[in-house]
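# Chains, contacts and geometry: an overview
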Amino acid sequence: MKLIMDTANHIAGEAAKAARAEVVAAYPITPQTTVVEYIQKLISNGEFDADFICVESEHSAMAATIGASATGVRTFTATSSHGLLYMHEMLHWAALARLPIVMVNINRTIGPGWNIWADHQDSMAQRDTGWLQFHCGSNQEVFDTVIQSYKIAEAEEIQLPIMVNFDAFILSHTSMPVSIPDQPVIDKFLPKRKPVWKLDSSDPLTHGNIIPPDPYLEIRKSMQESQDKARDLIRTTAEEWKKLTGFWHGGTVEEYRAEDADLVVLAMGTLGSEAKVAVDRLRKERIKAGVFRIRSFRPFPIDEIKKLSEETKLVVVDKALSFGGEGVLYSEVKSALYGRKNEIFGWIAGLGGKDVSWQDLVQMVKAVKDGKAKPVNWQKGGKGAITGFI
Amino acid sequence: MAFLLEIRLHGRGGQGAVTAANLLAVAALRSGNKDAQASPFFGAERRGAPVKAFARISSEEINLRSQIYNPDLVIVLDQHLLDLVDVTEGLKKGGTLLINTKKRPAEIVSYFPNTIRVATVDATGLALKYEIKVGGIPVVNTAILGAIPKVTSAIKIEKIIEVIKGRFPGESGDKNAKAARDAFGMTEVSP
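Everything quoted here is computed from the prediction, not taken from an experiment. (Residues numbered from 1 in each chain as written. Chains lettered and ligands numbered in written order. Predicted model: local features only at pLDDT ≥ 70, side-chain atom pairs only at ≥ 80, totals over all residues. Heavy atoms only, no water.)

## Some remarks on the overall build of chain A
Per the secondary structure count, chain A includes 13 helices and 15 strands. The C-alpha radius of gyration computed for chain A amounts to 21 Å, which stays within 12% of the reference 21 Å derived for 390 residues, consistent with globular compactness. If one aligns the C-alpha atoms of chain A with their principal axes, the spans along those axes are about 70 × 50 × 45 Å. Taken over 390 residues, chain A has a buried fraction of 60%. Summarising the internal contacts of chain A: among those between residues at least 6 apart in sequence, 80% fall at separations of at least 24. Just so you have it, chain A exposes about 15800 Å², and 52% of that area is on carbon and sulfur atoms. For chain A, the distance from the average site of its 45 positive side-chain charges to the average site of its 49 negative ones is 6 Å. (Helix = DSSP H or I, 4+ residues; strand = E, 2+ residues; numbered from the N terminus. Rg over C-alpha atoms; globule rule 2.2 N^0.38 Å. Buried < 20%, exposed > 50% of the residue type's maximum accessible area, 1.4 Å probe, protein only. Contact = heavy atoms within 4.5 Å. Areas by Shrake-Rupley, 256 points an atom, 1.4 Å probe, with all protein chains shown as cover. Lys, Arg positive; Asp, Glu negative; His and termini not counted. Charge placed at Lys NZ, Arg CZ, Asp CG, Glu CD.)

## Some remarks on the side chain of E14 of chain A
Residues and elements named next belong to chain A. Tracing the backbone through its elements, the reader meets E14 in helix α1 (residues 8–18). Classification of E14 as buried rests on a relative accessible area of 8%. Not counting the four nearest positions on each side in its chain, E14 is found in contact with I4, Y38, L42, F143 and I180.

## Brief notes about the interface of chain B and chain A
Counting residues at the interface gives 19 residues for chain B, matched by 25 residues for chain A. Together chain B and chain A conceal approximately 1700 Å² of surface at their shared face, both sides included; 61% is due to carbon and sulfur atoms. Contact with chain A buries area across many residues of chain B, yet F42, N63 and R65 of chain B alone supply 37% of it, more than any other trio. On inspection of chain B and its partner chain A, the count reaches 0 salt bridges. Applying the counting criterion to the chain B and chain A interface returns 9 residue pairs in polar contact (both at pLDDT 80 or more). Of all elements in the fold, only α1 (17–30) and β2 (35–40) of chain B reach the threshold of two or more residues within the side of chain B that touches chain A. Sorting elements by how many residues they give to the side of chain B that touches chain A places β2 of chain B first, with 6 residues. (Buried area = accessible area lost by both parts, 1.4 Å probe. Salt bridge = Lys/Arg side-chain N within 4 Å of Asp/Glu carboxyl O. Polar contact = N/O pair within 3.5 Å; in protein donor to acceptor, adjacent residues only side chain to side chain.)

## Some thoughts on helix α13 (residues 358–369) of chain A
An α-helical turn contains 3.6 residues, so any two residues separated by three or four positions project in the same direction. Residues and elements named next belong to chain A. Helix length check: α13, at 12 residues, gives a terminal C-alpha distance of 16 Å against a target of 16 Å (1.5 Å per residue), a fit within 8%. Tucked inside the fold, the buried residues of α13 contact β10 (263–267), α10 (270–284), β11 (289–294), β13 (313–318) and β14 (344–348). Looking one or two places after α13, you find G371, whose phi comes out positive at around 75 degrees. (Expected span 1.5 Å × (residues − 1).)

## Observations regarding empty space enclosed by the protein
Residues and elements named next belong to chain B. Enumeration according to the criterion identifies 6 cavities of 30 Å³ or more in this entry. The computed volume of the largest cavity comes to approximately 160 Å³. Every residue lining the largest cavity is counted, 17 residues in all, and those nearest its centre are Q37, S39, F42, R56 and S66. Secondary-structure elements contributing two or more residues to the lining of the largest cavity are β2 and β3 (50–58). Sort the elements by how many residues they give to the lining of the largest cavity and β2 lands first, with 4 residues. Per-class residue counts for the lining of the largest cavity are 10 nonpolar, 5 polar and 2 charged. (1 Å grid on protein atoms, 1.4 Å probe; cavity = no way out; pocket = protein on both sides within 12 Å on 5 of 7 lines; lining within 4 Å. Points joined across faces, edges and corners; volume = space filled by probe spheres on them. Nonpolar A, V, L, I, M, F, W, Y, C, P; charged D, E, K, R; others polar.)

## Side note on the pairing of β10 of chain A
All names here are of chain A. With 5 of 5 residues buried, β10 lies mostly within the body of the structure. What you see with β10 is no split at all: L263, V265 and A267 on one side and V264 and L266 on the other are buried throughout. Each parallel crossover has a hand, and for β10 linked through α10 to β11 it is right-handed. (Right-handed = clockwise from strand over helix to strand, strands pointing away.)

## Quick word on the layout of surface pockets
In this model, the second largest pocket occupies a volume close to 850 Å³. For the second largest pocket, the lining is made up of 31 residues, of which V277, R281 and W358 of chain A together with L4 and L64 of chain B are closest to its centre. Residue assignment for the lining of the second largest pocket shows that the elements contributing at least two residues are α10 and α13 of chain A together with β1 (4–12) and β3 of chain B.

## Let's talk about the packing of aromatic side chains
Considering all chains together, one arrives at 4 aromatic pairs over all chains under this definition. With 5.4 Å between their ring centres and 15 degrees between their planes, F169 of chain A and F42 of chain B make a pair best called stacked. With F169 of chain A in the loop between β7 (162–167) and β8 (175–180) and F42 of chain B in the loop between β2 and β3, this pair bridges two chains. Here F169 of chain A and F42 of chain B have matching classes, each one buried. Within the aromatic cluster, the residues linked to one another by ring pairs are W117 and F169 of chain A together with F42 of chain B. Stacked on the ring of Y216 of chain A, the Lys or Arg R220 of chain A has its end atom at 4.1 Å from the ring centre. (Phe/Tyr/Trp six-rings, centres within 6.5 Å; stacked < 30°, edge-to-face > 60°. Lys NZ or Arg CZ within 6 Å of the ring centre and 35° of its normal.)

## Some thoughts on the nonpolar core
Residues M62, F76, V104, F143 and I147 of chain A are the most contacted members of the largest nonpolar core, which totals 78 residues. Listed in part, the 50 residues of the second largest apolar core include A21, A55, L98 and A183 of chain B. (Core = buried A, V, L, I, M, F, W, Y, C linked by side-chain atoms within 4.5 Å.)

## Let's talk about the sheet that holds strand β2 (residues 23–26) of chain A
Residue and element names in this part refer to chain A. Judged by pairing direction, the sheet is mixed, and its 7 strands sit side by side in the order β3-β2-β4-β5-β7-β6-β12 without closing on themselves. Each edge of the open sheet is held by one strand with a lone partner, namely β3 (51–54) and β12 (296–298). Across the sheet, the mean angle from the axis of one strand to that of its neighbour is 20 degrees, orientation sign disregarded. Bridge count for β2 against β3 is 4 bridges, and the pairing is parallel. Among the inter-strand pairings, V23 is bridged to a residue of β3, identified as D51. Where helix α3 (residues 58–70) meets the sheet, its contacts fall on β2, β3, β4 (75–80) and β5 (102–107), and the angle it forms with β4 comes to roughly 165 degrees. (Pairing = 2+ DSSP bridges. Axes fitted to C-alpha atoms, helices over the stretch in contact; angles between N-to-C directions.)

## Here we look at the sheet that holds β10 of chain A
Residues and elements named next belong to chain A. Taken in spatial order, the 6 strands of this open sheet run β9-β11-β10-β13-β14-β15, and their pairing is mixed. The sheet is open, and its two borders are formed by β9 (253–256) and β15 (376–378), each paired with just one other strand. Averaged over neighbouring strand pairs, the angle between their axes works out to 20 degrees when direction is ignored. The pairing of β13 with β14 spans 5 bridges and is parallel. Within the sheet, the bridge partner assigned to V315 lies in β14 and is F345.

## Looking at the confidence of the model for chain B
Of all residues in chain B, 99% attain a pLDDT of 70 or more, and the chain-wide mean is 95. Under the prediction, the complex receives an ipTM of 0.95, its pTM being 0.96. (pLDDT = per-residue confidence, 0-100.)

## What to know about a nonpolar patch on the surface
Residues L96, I211, Y216 and I219 of chain A make up a contiguous nonpolar surface patch of roughly 300 Å² in combined accessible area. Assignment of secondary structure puts I219 of chain A in helix α9 (residues 213–245). (Patch = residues over 30% accessible without salt bridge, like charges linked within 9 Å, V, L, I, M, F, W, Y side chains within 5 Å.)

## Remarks on the pattern of salt bridges
Residues and elements named next belong to chain A. Per the stated rule, a full pass over the model turns up 30 salt bridges over all chains. Notably, a salt bridge pairs R127 with D128, separated by 2.9 Å at the nearest N-O pair. Relative accessible area serves as the criterion here: at 32%, R127 is assigned to the partly exposed category. For D128, a relative accessible area of 53% translates into the label exposed. When the shortest N-O distance is used, the salt bridge between R283 and D260 registers 2.9 Å. Residue R283 is found in helix α10, and its partner D260 is found in the loop between β9 and β10; the two are separated by 23 residues along the sequence. Three or more residues are tied together by salt bridges with common partners; here these are E141, E254, K276, R293 and R295.

As structure tokens, this is what we get:
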């Protein structure tokens, strides 16, 4: 085990190397982050044995990754913000072709106005592409989740791509200590990919030809079944990793002091980490609060959320909004708890990188506790972190 | 009792404030702290313009992901920034302001709130003495790192030296380490 102190971008590159990705295809220019230049450095130094394909757009980056993955090799790519949006068509393609690609997305908002800071608008817009979608709260979790993602994506019953998300700047450019297990430990956990199908010139086949309505519906249904099966596999894979390395960030959800909580904060990414600080403060004031940090947005952890008592009040904090609807996570949580009595409150916060501090989260929970919250609330604009709410 | 130290560094783009924050965080871990973070200012930066970098050090796991508004320690790499930037903004009562300057704390302490401690070290002088330069300009980030163990017991000077030598191997590491060692001896702190 080696302890290093580095940014999540570099850690993501280390994870791709440790997973022995064989092809990395990426577009290296803004909104791309330093993941790709770090990987190129590792490859050119001879530390990382992979082919790097430098392409002219994110659409092409995903197309090249699809092509490489279809030959049966392990593939990696990285993107962010508008780059992810530009990939959108190919994201569908990768999932429908059942290719176990792993990609990191550095969560940055969408312009105009031009903004390079974190929110989840980019990844939430990919909700329906068929990709599994994980969100990380620390740099260690970025490393561990990338490794685990290959194991999950490549499992015979899954065969779907995975997007590992982490917040721009808050993790991408922030150095944190990360323990990297010895390579033989990783190799044992993650053996070479065994493709279910592949393009092979010695055994030719065609792929992606016309498919009539009946089998089309059946094939799409099988994707949904794989997403459903992934819920258990996410947990058991994380448990297996914990046995090998000691690191644990939760299964589909990371629960924190939630067991006896009257109020539970649900959030994704770094907001879920900050919420632990808020909960510790609230507990000191004898307010029984807890956290459900949603690690897996797709598949959505419906059963885990249903375990909460019907008396528990939920405080859902979204860093993304479906305009004309409501917070994306808020909708998902309400849908999961359909027919139950839980009171559910939503906050739209942190858009375009606006800081959301534990003080903000404390105020949100107290507003719910004191009956002052509306069903949907907005973090207040203006300078600083301690901004209250409207 | 959980210990948390929040640090803000003020420098100019290219002076190595972000590198200093990173080295500081590594030295903090090696000094026995359980967790540390180091980050640049979240946004675009330009060479020569005022920039900020941040670090957190704790005896416990750090779950904080929000920005630092009320640092315990502010480090100023370029004394001329004092004319441009409110370096004491948000600095906690009882907090410390560490400045790279030839002046002694007694000469400048009256310019700052009397609720804070002022520490000074001539890091530029040390960078010139040991010829630590990039493009002819003295680089002060390693020298000023040596002053930090003088203002907080959470970081050990031996670990600062070790981390500098690890980051800059060979002769360059020796020069930077000497500058840090000298800074440790020269740093003066207001009562």
